[in-house]
Amino acid sequence: MKKRGRFSTRKRNRTNKWMNIIVGIFFILIVASIIFIGVNGWNVRQAIESVRGETEQPSEFQEIVPNPDEHVLTDDEVGNDHQEAKEPEEMPLKKVEEPQITPDNKVKVEPKKKSAPVQEKPSSSIGYIEGQELPDKPKYVKGILIASKQYPLPKDFAPGESKEARAAFDEMAAEALLSGIKLQAFSTYRSYDYQVTLYNRYVERDGQEAADRYSARPGYSEHQTGLAFDIGEVNHEKHWASTSFGETEAGKWLGANAYQYGFILRYPKGKEEITGYMHESWHYRYVGKEKALQIFKRNITLEEYLGIQ
Ligand SMILES: [Zn+2]
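Once a new chain begins, its residue numbering starts again from 1 and follows that chain's sequence as written. Where local features are concerned, this predicted model is filtered to residues with pLDDT of at least 70; where side-chain atom pairs are given and counted, the filter is 80 or more; whole-chain, interface and lining totals use all residues. Hydrogens and water molecules were not included; the side-chain quantities draw on all heavy atoms of the structure.

Before going further, it helps to spend a moment on the sheet that holds strand 4 (residues 228-233). Adjacent strands of a sheet form backbone hydrogen bonds with each other and so pair up, either parallel or antiparallel. A sheet is described by the order of its strands in space; here four strands give the open sequence 3-4-6-5, paired in antiparallel fashion. Two strands lie at the open edges of the sheet, namely strand 3 (183-187) and strand 5 (263-265), each paired on one side alone. For this sheet, the mean inter-axis angle between neighbouring strands, taken without regard to orientation, is 45 degrees. Along the sheet face, helix 7 (residues 163-178) touches strand 3, strand 4, strand 5 and strand 6 (283-286) and points at about 145 degrees away from the line of strand 3. Should DSSP find at least two bridges between two strands, the strands are regarded as paired. Here a helix means four or more residues in a row that DSSP labels H or I, a strand means two or more in a row labelled E, and each is numbered from the N terminus. Lines are fitted to the C-alpha atoms to define the axes, a helix being fitted only along its stretch in contact, and any angle between axes, read from their N-to-C directions, falls within 0 to 180 degrees. We call two residues in contact when some of their heavy atoms are within 4.5 Å.

Residues belong to a common nonpolar core when they are buried Ala, Val, Leu, Ile, Met, Phe, Trp, Tyr or Cys residues joined through side-chain atoms within 4.5 Å. Exposure categories follow from relative accessible area, calculated using a 1.4 Å probe and restricted to protein chains: below 20% of the type maximum is buried, above 50% is exposed, and the middle band is partly exposed. Of all hydrophobic cores here, the largest spans 29 residues; its most connected members are F169, M172, L183, I231, W253, L254 and F263. Contributing elements (two or more residues each) for this core: helix 7, strand 3, strand 4, helix 10 (249-257) and strand 6. Contact partners of I231, with chain neighbours within four places excluded, come to F169, M172, L183, Q184, A185, F186, F245, L254, W282 and Y284. By size, the runner-up hydrophobic cluster in this structure holds 13 residues, among which are Y259, I295, I300 and I308.

Before going further, it helps to spend a moment on unusual backbone geometry. Even without being glycine, N235 reaches a positive phi, approximately 70 degrees. In this fold, N235 is placed in the loop between strand 4 and helix 10. Its identity is not glycine, yet N299 carries a phi of approximately 55 degrees, on the positive side. Structurally, the position occupied by N299 is in the loop between helix 12 (289-298) and helix 13 (302-306). Taking relative accessible area as the criterion, N299 reaches 61% and is therefore assigned exposed.

A word on the pattern of salt bridges. Any two side chains of opposite charge can pair, on the condition that their charged atoms come close. Any carboxyl oxygen of Asp or Glu that lies within 4 Å of a side-chain nitrogen of Lys or Arg is treated as forming a salt bridge with it. As enumerated under the stated definition, the model contains nine salt bridges in all. A salt bridge links R166 to E161; its shortest N-O distance comes to 2.9 Å. The exposure class assigned to R166 is partly exposed, which follows from its relative accessible area of 24%. Among the ionic pairs, D170 bridges to R166, the shortest N-O distance being 4.0 Å. Residue D170 and its partner R166 are both found in helix 7; the two are separated by four residues, about one turn of the helix. D170 gets classed as partly exposed once you look at its relative accessible area, which sits at 41%. A single salt-bridge network, built from bridges that share partners, covers E222, R266, R285 and E303.

To continue, consider the packing of aromatic side chains. Two aromatic rings, drawn from Phe, Tyr or Trp (for Trp, its six-membered ring), form a pair once their centres lie within 6.5 Å of each other, and the interplanar angle then sorts them: stacked below 30 degrees, edge-to-face above 60, tilted otherwise. Per the stated rule, a full pass over the model turns up nine aromatic pairs. Judged by centre distance (5.8 Å) and plane angle (40 degrees), the ring pair of F169 and F229 falls under tilted. Taken as a pair, F169 in helix 7 and F229 in strand 4 lie far apart in primary sequence, 60 residues in all. F229 matches F169 in its accessibility class, with the two residues each being buried. Residues F263 and Y286 carry aromatic rings whose centres are separated by 5.3 Å and whose planes lie at 65 degrees to one another, so their mutual orientation is edge-to-face. Here the residue F263 occupies a position in strand 5, and Y286 occupies one in strand 6, the gap between them amounting to 23 residues.

Here we take up the confidence of the model for the chain. pLDDT runs from 0 to 100 and stands for how confident the predictor is about each residue. Confidence in the prediction for the chain averages 75 pLDDT; 61% of positions are at 70 or higher. Under a pLDDT of 50 for its full length, residues 46-125 has, in the predicted model, 171 contacts with residues more than four places off or in other chains.

A few words on the pairing of strand 3. With five of five residues buried, strand 3 is to be regarded as a mostly interior element. Relative to strand 4, strand 3 runs antiparallel, the two sharing four bridges. By the bridge assignment for strand 4, L183 is matched with E233.

Turning to the environment of H239, a few remarks are in order. Secondary-structure assignment places H239 in the loop between strand 4 and helix 10. The class of H239 is buried, set by a relative accessible area of 14%.

Here is the structure:
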């Protein structure tokens, strides 16, 4: 009896020991999970995704990211060229869900950091002239039609897509094709009324301050001139209206060659305070071959070229 009793006590002790170890492990796991989720900003989805190693931003984050371009607005683009069968309503949703910037882990943090100082900079939300009314006539400088945060267009200015610019684009696209690059202008002319719809939609969703960072106010969009072409590559829609386009072969090809066809990169990197817009690697403006050559060679913006900065 004694022996048996001692044996069962030892057994019980051993069982208790194992129970303690198991409970301990569970406790460590739970604490580790809590810490991990905490590190991920108390966002369970983000924590899970970071375990999976996914680079896509959770939607909560996307909404905070200031979209650096006015091209979240591109629903109409698709309608414009009729080459895509997508419903116009699908475009903005899709655009917003896509990471706007290169699918690089680093950018997860970058836009967040940027969003605060951007408000102070004149690069986006500031730049409009307080209380300015839209003019009766468009502004031409040196024969170039200008549309910027300082020089808006009249409400009724509705020239449609420029035929000259389209012809130049077609010529450029044919040349790019020889290098295996299939260019597509996914957004060109946008009417005043359409910009009203888009801008209001973004103000409603993100507030005016945020909307001003990525969307032009009605009358202020260069797309209303019919001379602005948002260019991307066929079958590479994920880079459309995205900073990452600048890193692609097509983006680089355009950067190096567009001037030969009369197009300039309208909002270059580092010139945000002059142009009033963040860098847009896909937004090209037709100014004609001669002027484009000058602007390209001197590595300046349209504002600097026209002396209207
Ligand atoms: Zn554009």
